[in-house]
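In case you want the letters, here they are:
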Amino acid sequence: MIKTRKGLEEIEKRTHKLPGRLRAILFMVDGERTFAGLLDQAGNMAGPLEIQLQELATMGFIAAIAGESTAGRRKCAPPFTEGVRRQKWRWHESVC
């Protein structure tokens, strides 16, 4: 996963005023780890992290690395827990 121009602006200048949790996750996106790699690193927190990564991608702060494998990646967010807004997620132009 990589930061987009919008993501880099947020890191450098806090231009878009992301909530702290999403901003912290944006820092984790370093251009070397894949989506699956980030989820693997998260262990039992992979479900919430996946939702937040998808939110950052939907909002245009991060993007998949060109040619990144989508194996094992869900196209939709997992079931939502209480307090999480229900949204349709876009991942590589597919809508759930």
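Given the structure is predicted, the values throughout are model-derived calculations rather than measurements.

Analysis parameters
Each residue is numbered by its place in its chain's sequence as written, counting from 1. Whole-chain, interface and lining totals are the exception, using all residues; otherwise, since this is a predicted model, local features are given only for residues with pLDDT of at least 70 and side-chain atom pairs are given and counted only at 80 or more. Excluded from the side-chain calculations are hydrogens and water; all other atoms, namely the structure's heavy atoms, are used. Fitted lines through C-alpha atoms serve as axes, helices being fitted only where they are in contact, and the angles separating the N-to-C directions of these axes extend from 0 to 180 degrees. Counting from the N terminus, the helices are the DSSP runs of H or I reaching at least four residues and the strands are the DSSP runs of E reaching at least two. Throughout this description, any angle smaller than 35 degrees is read as roughly parallel, any larger than 145 degrees as roughly antiparallel, any in the 65 to 115 degree range as roughly perpendicular, and the remainder as oblique. Handedness of a crossing follows from how the near helix is turned relative to the far one, being left-handed for an anticlockwise turn of less than a right angle and right-handed for a clockwise one. The contact criterion used is simple: two residues touch if any of their non-hydrogen atoms lie within 4.5 Å. Side-chain classes follow a simple rule in which Ala, Val, Leu, Ile, Met, Phe, Trp, Tyr, Cys and Pro form the nonpolar group, Asp, Glu, Lys and Arg form the charged group, and the remainder, Gly included, forms the polar group. Only the six-membered ring of Trp is used, alongside the rings of Phe and Tyr, when aromatic pairs are assigned; centres must lie within 6.5 Å, and planes under 30 degrees apart are stacked while those over 60 apart are edge-to-face, with the rest tilted. Two limits define a charge over a ring: the Lys NZ or Arg CZ must be within 6 Å of the ring centre, and within 35 degrees of the ring normal. Summary of the burial criterion: residues with accessible area below 20% of their type's maximum are buried, those above 50% are exposed, and those between are partly exposed, where the area comes from a 1.4 Å probe applied to protein chains only. A score between 0 and 100, pLDDT records how confident the predictor is in each residue.

1. Examining the packing of helix H1 (residues 5-13) against helix H2 (residues 20-28)
Between H1 and H2, the shortest axis-to-axis distance is 11 Å and the interhelical angle comes to 115°. Relative to H2, H1 is oriented roughly perpendicular. Read as a crossing pair, H1 and H2 show a hand that is left-handed. For the pair H1 and H2, contact is made by Gly7, Glu10 and Ile11 and by Arg23, Leu26 and Phe27, respectively. Tallied by class, residues from the contact of H1 with H2 come to 3 nonpolar, 1 polar and 2 charged.

2. Observations regarding the packing of aromatic side chains
Throughout the structure, instances matching the rule amount to 0 aromatic pairs. Here the basic side chain of lysine 6 rests over the ring of phenylalanine 61, its NZ or CZ set 4.7 Å away from the ring centre.

3. A word on the environment of leucine 18
Secondary-structure assignment places leucine 18 in the loop between H1 and H2. Residue class for leucine 18 comes out buried when judged on its relative accessible area of 11%. In this structure the C-alpha to C-alpha distance between leucine 18 and glycine 7, which are 11 residues apart in sequence, comes to 9.9 Å. For leucine 18, the contacting residues outside a window of four places in its chain are Glu10, Arg23, Leu26, Leu56, Met59 and Phe61.

4. Description of the confidence of the model for the protein chain
Scored by pLDDT, the protein chain comes out at a mean of 76, with 69% of its residues at no less than 70. Per-element confidence in the protein chain is highest for H1, whose mean pLDDT is 95, and lowest for strand S4 (residues 94-95), whose mean pLDDT is 32.

5. Some points on the side chain of glutamine 52
Structurally, the position occupied by glutamine 52 is in helix H4 (residues 46-58). Residue classification places glutamine 52 among the buried residues on the basis of a relative accessible area of 15%. Beyond its immediate chain neighbours, meaning those up to four positions away, glutamine 52 contacts Arg21, Leu22 and Ile25.

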